Structure formats: C-alpha cells, structure tokens
Amino acid sequence: FTNLDFLRYDVSDAQLEEAKKGNFNFKTFNLVKKMPSNKLGSYLFRNRGDLTFEDKSQHWGVNDPAVSNGAAYADLDNDGDLDLIVCRNNEPVTLYENNAGKILSANYLRVMLKGRGNNTRSLGSKVRVYSNGTMQLQELYPVRGYQSSVSTELHFGLGNLNRVDSVIIEWPDGSLSRKYDQDVNRLINFDQSDLVAAVSLAGKQLTGSRAWSATQQDFDLKGKFVDITRQSGLGFIHKENAFVDFKGEVLLPYQLSRSGPALAAADVNGDGLPDVFLGGAIEQPSVLYVQNNDGTFVKGTSQPWSTEPVSETVNAIFFDADSDGDQDLYVVSGGNEYGDGSPEYADRLFTNDGKGNFRLSMAVPQMLSSKKAVATGDFDKDGDIDLFIGGQSVPGSFPLAARSYLLRNDSNNGVAVFTDVTAELAPKLLNPGIINDAVWADLNNDGFPELMLAGEWMPLTLYINNGGKLMAPATRSGLETSNGLWCSLTATDIDGDGDTDFIAGNAGLNTQLKASPAEPLEMYVADFDDNGTIDPLICYFIGGKSYPMASRDELLEQMPGLKKKFIYYKDYAASNLQSVLTKAQLKKAEKFTVTGLSSLILYNNGNMNFDTVSLPVTVQFSNLNGVVARDFNNDGKTDLLTAGNFYPYRVQLGRSAASLGSLMVAGKDRSIDAVDPELSQFFATGDVRKMIAIPGSSGLIIVIAKNNGAVQVYRVK
C-alpha cells in the first residue's frame with residue numbers, strides 16, 4: 001500500500017463509521033478493493049559495459065503504464081535475443097518481442113548446464129564467457145522476484161563478435177570445466193559428470209571485464225595487498241555513541257555526528273618507526289599504538305587523552321608544535337551532539353617529550369565550535385608550523401557554517417603558543433563553509449603555501465597566500481563552479497610534471513542524489529516559519545522537474561504551520577518549492593547548490609589554474625574518503641589507492657556502501673586505470689573515514705579507519 005491518504009484517512013474514517021453502527025470487527029477487504037492505484041511505466045536500462053547504465057525504457061517501448069508485479073525473459077522465438085514477459089494486475093499478460101537480433105544482426109551464445117547429484121540444474125554455478133579481450137559473467141540463479149523465474153539456460157549477447165575464445169564453468173563445488181574456440185549463435189551443453197577430476201578454482205585468476213584493465217602490468221600487481229589486521233596488533237574498534245541527529249534536525253540529509261574516527265601517524269618515540277593514533281567517539285577513549293621492530297603494534301604507555309572521552313575526536317595530526325624536534329599531537333573535536341559554544345568542542349594540543357610521553361598543553365585558544373579539517377603549514381614563512389582548522393556545521397543549525405581558524409605559531413624557547421589571526425590575516429576564512437578537508441601547498445614557488453579547501457555544499461576553494469595573508473579565494477582557478485559534497489583532499493603530483501595536483505573526494509554517482517549544472521541539487525535555508533529554528537529545504541530534479549526531498553510528514557514536523565496547506569498527501573505529492581513557500585519566504589532564503597558529485601583529479605596547469613577530470617567509475621560507487629598516492633608498481637608513476645563509503649544518510653536515501661576500495665594505476669597521457677580487486681586483493685569495505693600509508697619493518701603498511709567499526713590493516717608486498 002503506497003496511497004498514504006487511503007491508509008491514514010479513508011481506513012480510519014471507515015472504521016469510525018462502522019464503530020458508530022456497533023460493528024467493532026471491521027474488515028477492510030471491501031475497502032481495499034476501492035483503494036486508488038497508480039499505473040506506472042516499467043524501466044529497462046542498457047548496460048554500457050563500463051559499470052554504468054542508460055535508461056532505454058521509452059526508446060525500447062516498455063514504459064506503458066501498468067501495475068506490474070512479475071517478469072521473466074526467454075528467447076521465445078529462437079532468434080537469439082531475449083523476449084520479455086510481464087504479469088500485470090487485472091490485465092492480460094504482456095509479451096514484448098525483442099527485435100534486437102534482427103535490427104542489429106548481433107550474435108549470441110547459449111549455455112546449458114547439467115550438475116551432479118541432486119543439484120541437476122547446477123544452481124549456483126558461475127559461467128564466464130571470454131571473447132576479444134572482454135569477459136561476461138553470469139551466475140545460475142533463475143529466480144527473478146515475486147513469483148517469477150527464468151530458464152536455467154544462460155544467454156550471452158556477443159554483439160558483432162563472431163568467435164568465443166573460451167567458456168569456463170565454475171561448478172558449485174569449485175571444480176572447473178572449459179571449452180575453447182567456440183562458434184557463436186548456438187547452444188553449448190556442459191555436464192559436470194564429464195569431469196575427469198575436480199579442478200580447484202583456488203589460485204586461478206579469472207578476470208578481464210571491461211570495467212577493469214587486464215594488462216600484464218595488472219598481473220604484476222596480483223596479490224599486492226595482504227590483510228594483516230589480526231596479527232598487526234591494531235585492535236581498535238570505533239564505537240559510535242547512541243545519538244540520532246534526525247531527532248533534533250528533522251530535515252538533515254545525513255547525520256553530522258558520525259565523522260570519526262581520527263587517524264594520524266608519526267614516529268613519537270624516536271625509534272624510526274611510525275606509530276598510530278586513533279580517535280574515539282564520545283565516551284570512548286582515543287588510543288596511541290606504538291610500532292614494534294617486527295611491524296606489530298602495542299598500546300603506548302602514555303595516553304593522557306584517555307581521561308577526556310566526553311569529546312568526539314574527529315581528526316588529529318602530528319607535527320612539531322614547539323620546534324623541539326619531536327612530534328606533538330593536535331586533536332580536533334567535532335560532531336553534532338552538543339550545543340554551539342559547549343566546552344566539549346575544545347581542541348587539544350599534546351606536547352611530546354621526545355620519548356613518546358605526552359602532556360596536555362594550554363597553547364591553543366578556546367575554539368568552542370564543531371570542527372573537522374586540520375592542516376599544517378608555515379603560512380608566514382617564519383620557520384615554524386602553523387595551523388588551519390576547518391569548521392563544520394553549527395550544531396542544530398545545518399547548513400550554517402561554524403567558524404574556521406587560522407592559528408599562527410608564536411612559540412618561543414620551546415614553549416608552544418598559538419594565536420588566532422584569522423580576522424587579521426584571512427578574514428574570508430572566518431566562515432568559508434562546512435570544511436571537511438584542507439591542504440597547504442606552495443603552488444607558485446614563492447615559499448608561502450596556498451590553502452585548498454574541500455567542503456559540503458560549496459566549491460573546491462583555493463586561497464592564494466600573498467606574503468602571509470590569505471585575503472580572498474582565487475577567482476581564476478577553474479574551480480569556481482565546482483560545487484559538491486566534497487569530503488577529502490589529497491595533494492600529489494599525479495602527472496609527474498613537478499607541480500602539485502589534488503585528488504578531491506566527493507559523494508560519488510551511486511546515490512539517489514543527482515546533480516549537474518543544468519539540474520543542480522539545491523538547498524534553500526532560512527527560518528521560514530519564524531520559530532527560531534533553521535529550516536533547510538533540499539530539492540532535486542526528477543524527470544526534469546525540481547521537487548522537495550522531504551516527505552510531507554518530515555516537512556510538517558519541521559514546519560507545523562504548513563499543515564493547513566497540505567492536509568492530504570496528494571496535495572503535497574506534486575508540489576514544488578514555489579508551492580511550499582511564499583515569495584517572501586523564498587526571497588529571504590540563502591541558497592546552496594551542488595552541481596556535481598564525481599570525485600575528481602585536479603591537474604595543476606600553473607598560474608593557480610586547474611583542469612578537472614573525473615576518476616574512474618569504480619571510484620564513483622560511493623564517497624571517496626581515503627586516498628594514498630604512491631608508485632605501487634614501481635614504474636615511476638604515481639598510482640592511487642582509494643577507499644570510502646558513507647553510512648549516515650537518511651533511511652530513505654540508503655547507505656552509500658558499494659565501495660570495496662580501488663587500486664588505480666597511472667598510464668600515459670594522464671590516463672589512469674582501475675585494477676580488478678580480485679587481482680590486487682585490496683578490499684576496503686565498511687564505513688571508511690580515513691586511510692594512511694606508513695613504513696613498517698616488513699614493508700609498507702596501509703591503515704584504514706572506519707566509523708563504528710574495526711581498523712583494517714594491509715601490508716603491501
């Protein structure tokens with residue numbers, strides 16, 4: 001039942017009328033028969049072969065309105081293409097004849113399997129068909145939804161290919177069957193009983209999909225990553241506190257309180273081995289792990305931050321704050337649990353005695369607002385390390401930005417002192433937006449580093465450093481209209497031309513949220529009903545029209561005064577923002593936009609200008625939160641290891657959880673190709689927040705921190 005007016009009003013009204021008549025055993029069957037229904041078109045998507053799909057419903061003629069609840073396909077006329085059968089409520093079965101084989105003169109291959117024992121249909125088998133450098137894979141599971149099943153004969157479309165290089169069957173017990181150099185446009189039968197001996201699939205690499213490259217270089221990367229989480233000693237499990245942001249801010253698109261854990265690494269005790277700090281959630285102590293000579297980790301003896309678990313530790317960075325030659329620790333407090341101005345949002349600086357013993361320093365000013373980004377750099381070129389700290393959203397007032405801070409290092413004689421000079425030297429940095437990441441980089445080789453910012457509902461923003469002053473964003477960077485939901489920023493020379501490029505992580509292309517310059521994601525923000533609460537109304541385009549994202553119930557909970565305007569769900573169903581708000585309300589609104597959700601490479605062209613290129617589609621499955629840039633295949637080029645996901649979206653938007661992580665190998669002319677994870681054996685699942693690479697005694701170590709989950713550790717061969 002999807003008609004909410006019927007469920008909420010018609011049923012209850014009918015029950016009340018029957019009760020008035022003394023009938024307290026009301027049956028809804030007769031009422032259900034009167035329930036209104038909406039006929040909708042079906043959808044058919046063409047696979048482009050690169051892990052993306054194109055809506056062909058109208059072009060292929062299957063979008064006629066109906067109430068359909070069952071479908072199956074089969075080559076009913078034996079012409080080599082699949083016809084479609086659709087069952088419809090209170091209507092005849094519909095048969096769609098597929099004419100693709102005739103129109104396109106395309107080739108095909110059919111495969112029929114016979115299994116051993118009781119599984120005669122060989123359910124669960126995998127069939128791979130290789131032809132001209134491509135691979136197609138189908139698993140034999142004939143069930144297709146509610147009361148729908150298809151034939152166990154598998155059909156492979158081949159286009160204009162006229163030979164099949166090989167067909168490989170992986171039977172349910174792991175044994176293999178193969179046939180080579182097969183003719184097309186025919187049926188091939190496989191009988192598992194014909195196997196002379198079972199051949200294990202273990203150790204065999206069966207890849208070649210167009211989504212991943214399949215060069216010899218890739219095979220040199222086979223098994224490049226080894227999961228050593230269990231033996232590493234990094235047993236930290238991030239445990240998010242029980243807090244639901246939506247209860248206080250009904251119209252939030254995602255929770256703001258799930259930014260952790262923090263992850264940072266440095267050699268804190270002078271033994272030449274990097275150690276690892278992991279930040280906890282509220283009521284969970286952060287932990288410093290010290291690396292042993294054998295590459296394992298143990299908890300350090302000095303843990304002064306463990307006495308302050310009331311703060312949400314969302315970020316951290318090691319640097320030499322007091323210029324004494326060792327690594328001190330700066331810890332960022334953020335989240336959305338406390339009111340703005342609460343002492344729990346105070347950041348903390350812990351100074352190191354050079355042996356890994358830390359003590360809390362009072363060197364930083366009180367900054368009692370939610371923050372996340374932190375970046376170190378000598379912005380005034382005086383020889384010591386300064387700080388930029390990026391603010392998040394004001395708690396309870398999304399998307400109003402909390403303050404950001406430029407802290408000048410005024411330490412003297414080994415005593416750390418940091419001064420807030422934002423208003424004086426960088427006034428535009430007081431409120432640059434909801435900042436998730438920041439990087440200092442000297443882009444014009446004058447010794448004064450520029451500052452690049454990545455944040456939500458804003459463009460990637462470059463602040464040029466003019467002799468220690470960052471007065472305004474650059475206006476010719478090529479990034480002025482790059483509005484996105486930016487979540488990470490990594491500086492590297494990806495094209496090897498000697499300057500600094502950036503990898504910018506975005507929300508990706510695999511969510512219900514879509515955005516383009518022509519059809520942007522928009523958010524209108526004001527206290528529309530004058531009750532002292534900020535109301536963020538998000539709109540997105542569906543079928544060429546912009547609609548509010550919030551449901552009627554959510555909108556009325558946030559703005560109860562609209563109940564008279566939208567008494568029924570049908571009144572709100574087709575409403576745009578102009579019918580929700582008055583012209584006066586719209587006039588006072590601040591507008592935020594997102595024009596793209598792809599994660600990008602920013603190629604530095606010099607003169608503070610960048611070309612933007614989307615990363616491969618395998619990186620666009622989800623948020624890009626972690627990037628390690630280095631040469632993984634020893635060819636002299638910078639490759640990228642990526643990880644992501646983002647679970648805290650609203651329930652109706654669903655988790656962004658499709659990323660397994662990706663290794664991307666740099667090629668010629670700025671090309672970059674994703675390596676099949678089955679080859680590299682790199683799988684970074686879960687709600688990844690950050691990823692770093694550190695040297696260990698047995699090779700490079702990759703540490704992956706996850707929100708509300710365990711740390712994952714890989715060794716690079």
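Per chain, residue numbering runs from 1 following the sequence as it is written. For this predicted model, a pLDDT threshold of at least 70 governs which residues receive local features, and a threshold of 80 or more governs which side-chain atom pairs are given and counted, while totals over whole chains, interfaces and linings are taken from all residues. By convention in this description, side-chain values take in all heavy atoms of the structure and omit both hydrogens and water.

S.K.: Give a description of the environment of Y9 that names residues and reports values.
M.R.: Only DSSP runs of H or I covering at least 4 residues are called helices, and only runs of E covering at least 2 are called strands; the numbering of each starts at the N terminus. Note that Y9 resides in helix α1 (residues 4-20). Residues Y9 and Y568, 559 residues apart in the sequence, show an inter-C-alpha distance of 8.8 Å. Excluding residues that lie within four positions of it along the chain, Y9 makes contacts with L4, R552, I567, Y568 and Y569. Pairs of residues are marked as contacts when any of their non-hydrogen atoms sit within 4.5 Å.

S.K.: How would you summarise the pairing of strand β19 (residues 328-334) if you had to cite specific residues and measurements?
M.R.: Here the term buried applies to any residue with accessible area under 20% of the maximum for its type, exposed to any over 50%, and partly exposed to those in between, with areas from a 1.4 Å probe on protein chains only. When you tally the buried positions in β19, you get 7 out of 7 residues, the bulk of the element. Any two strands with at least two DSSP-identified bridges between them are counted as paired. Here strand β18 (residues 312-319) pairs with β19 via 7 bridges, running antiparallel. Looking across to β19, one finds that I317 is bridged to Y330. When β19 meets strand β20 (residues 348-352), the two strands line up antiparallel, connected through 3 bridges. Within β20, the position partnered with L329 by the bridge is F350.

S.K.: Go over the packing of aromatic side chains with me, naming the residues and quoting the values.
M.R.: Each aromatic pair joins two rings of Phe, Tyr and Trp (for Trp, the six-membered one) with centres within 6.5 Å, and gets the label stacked for planes under 30 degrees apart, edge-to-face for over 60, and tilted for any other angle. Counted according to the given criterion, the structure contains 18 aromatic pairs. Note on Y254 and F398: the rings are 6.0 Å apart at their centroids and 80° apart in plane angle, and the pair reads as edge-to-face. With Y254 in the loop between α5 (229-232) and β14 (263-266) and F398 in the loop between β23 (386-391) and β24 (405-409), the pair connects residues that are 144 residues apart, well separated along the chain. The exposure class assigned to Y254 is buried, which follows from its relative accessible area of 5%. Counted as over-ring charges are cases with an Arg CZ or a Lys NZ within 6 Å of the ring centre that also lie within 35 degrees of the ring normal. Taking the ring centre of F190 as reference, the NZ or CZ of K179 above it sits at 4.6 Å. For K570, the ring lying beneath its charged end belongs to Y568, and the centroid distance is 5.7 Å.

S.K.: Describe the nonpolar core, with residues and values.
M.R.: Grouping buried Ala, Val, Leu, Ile, Met, Phe, Trp, Tyr and Cys residues that are joined through side-chain atoms within 4.5 Å yields what is termed a nonpolar core. Judged by nonpolar contacts, the single largest core of 23 residues is most densely connected at Y254, F398, W457 and L513. Residue assignment for this core shows that the elements contributing at least two residues are β32 (521-526), β33 (535-542) and β35 (590-594). Top contributing element to this core by residue count: β32, with 3 residues. Those domain boundaries reflect an automatic or database domain assignment. Of the residues that make up this core, three or more belong to each of domain 3 (226-514 + 595-716) and domain 4 (521-593). Residues in contact with L513, not counting those within four places in the same chain, are L521, Y540, M549, L597, Y649 and L653. L679, V688, I702 and V716 belong to the second-largest nonpolar core, a separate cluster that totals 19 residues.

S.K.: Give me the lowdown on the domain arrangement of the chain, citing residues and values where you can.
M.R.: Often, the extent of an interface is quoted as the loss of accessible area on bringing the components together. Domain annotation for the chain reports domain 1 (3-36), domain 2 (51-215), domain 3 (226-514 + 595-716) and domain 4 (521-593). Contacts between domain 1 and domain 4 engage 4 residues on the former and 6 residues on the latter. Together, the buried faces of domain 1 and domain 4 total about 440 Å²; carbon and sulfur atoms form 52% of this surface. Buried area, as used here, totals the accessible surface that two parts lose on assembly, with accessibility defined by a 1.4 Å probe and the loss added over both. When residues of domain 1 are sorted by the area they lose upon contact with domain 4, D5, R8 and Y9 head the list and together hold 81% of the total. In the sections that follow, a salt bridge refers to a side-chain nitrogen of Lys or Arg positioned within 4 Å of a carboxyl oxygen of Asp or Glu. On inspection of domain 1 and its partner domain 4, the count reaches 1 salt bridge. Here D553 ties to R8 by a salt bridge, and the two come within 3.7 Å at their closest N and O atoms.

S.K.: Tell me about the environment of S302, and name the residues and values.
M.R.: One can find S302 in the loop between β17 (297-299) and β18. The exposure class assigned to S302 is buried, which follows from its relative accessible area of 9%. Sequence separation of S302 and N352 is 50 residues, and the distance between their C-alpha atoms is 9.9 Å. From its side chain, S302 meets the backbone nitrogen of F358 in a polar contact 2.9 Å long. We define a polar contact as two N or O atoms separated by no more than 3.5 Å, with the added condition that, inside protein, one atom must be a possible hydrogen donor and the other a possible acceptor, whereas residues neighbouring each other in sequence contribute only through side-chain atom pairs.

S.K.: Report on the pattern of salt bridges, specifying residues and quantitative values.
M.R.: This model, assessed by the stated rule, comprises 24 salt bridges. Two residues, K21 and E18, come together in a salt bridge whose shortest N-O distance is 3.8 Å. Taken together, the shared-partner salt bridges in this structure form one network comprising K39, D64, R88 and E91.

S.K.: Now, about the sheet that holds strand β13 (residues 225-227): what can you tell me, with residues and values included?
M.R.: Reading across the sheet, the 4 strands line up as β13-β44-β43-β42 and stay open at both edges, with antiparallel pairing between neighbours. The open sheet has two edge strands with one neighbour each: β13 and β42 (688-696). Between one strand axis and the next, the sheet turns through 25° on average, direction left out of account. Orientation is described by lines fitted to C-alpha atoms, with helices fitted over the stretch in contact, and by angles between N-to-C directions that extend from 0 to 180 degrees.

S.K.: Lay out the environment of L158 with the relevant residues and their values.
M.R.: Relative to the helices and strands, L158 is located in strand β9 (residues 154-159). Distance from L158 to Y130, taken between C-alpha atoms, is 10.0 Å for residues 28 residues apart in sequence. When sequence neighbours within four positions are dropped, the list of residues in contact with L158 reads N107, Y108, L109, V129, Q136, V164 and V184.

S.K.: Can you tell me about the side chain of D378, naming the residues and giving the values?
M.R.: Residue position: D378 is located in the loop between β22 (371-377) and β23. Although D378 is buried, it forms no salt bridge, and the closest oppositely charged side chain is K381 at an N-O distance of 8.6 Å. Separated by 3.2 Å, the side chain of D378 and the backbone nitrogen of D382 make a polar contact. Leave out the neighbours within four places in its chain, and D378 touches G383, D384, D386 and P449. Charge assignment: positive for Lys and Arg, negative for Asp and Glu; neither His nor the chain ends contribute.

S.K.: Report on the sheet that holds strand β41 (residues 672-675), specifying residues and quantitative values.
M.R.: Read from one edge of the open sheet, 4 strands run β38-β39-β40-β41, paired in antiparallel fashion. Because the sheet does not close on itself, it has two edges, and the strands there are β38 (624-630) and β41. Averaged over all adjacent pairs, the angle separating strand axes in this sheet is 25°, with direction ignored. Where strand β39 (residues 639-644) lies against strand β40 (residues 662-666), 3 bridges are found, and the strand directions are antiparallel. Across the sheet, T642 pairs through a bridge with S662, a residue of β40.

S.K.: Explain unusual backbone geometry residue by residue, including any values.
M.R.: Following G260, the chain continues into P261 via a peptide bond in cis, with omega recorded as 10°. One can find P261 in the loop between α5 and β14. Looking along the chain, the bond that leaves F398 and enters P399 is cis, with omega of 5°. With respect to the helices and strands, the residue P399 is situated in the loop between β23 and β24. Not every positive phi belongs to a glycine, and N78 is a case in point at roughly 55°. Secondary-structure assignment places N78 in the loop between β3 (68-74) and β4 (83-88). Look at N78 and you get exposed, because its relative accessible area is 56%. We note that D181 has phi near 50°; this positive angle belongs to a residue other than glycine. Within the element layout of this structure, D181 appears in strand β11 (residues 176-183).

S.K.: Account for the pairing of strand β31 (residues 501-505), naming residues and giving values.
M.R.: Burial of β31 is extensive: 5 of the 5 residues sit out of reach of the surface. In this structure, strand β30 (residues 488-492) lies alongside β31, joined through 5 bridges in antiparallel fashion. When the bridges of β31 are listed, T490 appears paired with I503. Bridging between β31 and strand β36 (residues 600-604) involves 3 bridges; their strand directions are antiparallel. Residue pairing across strands places A504 opposite L600, the latter belonging to β36.

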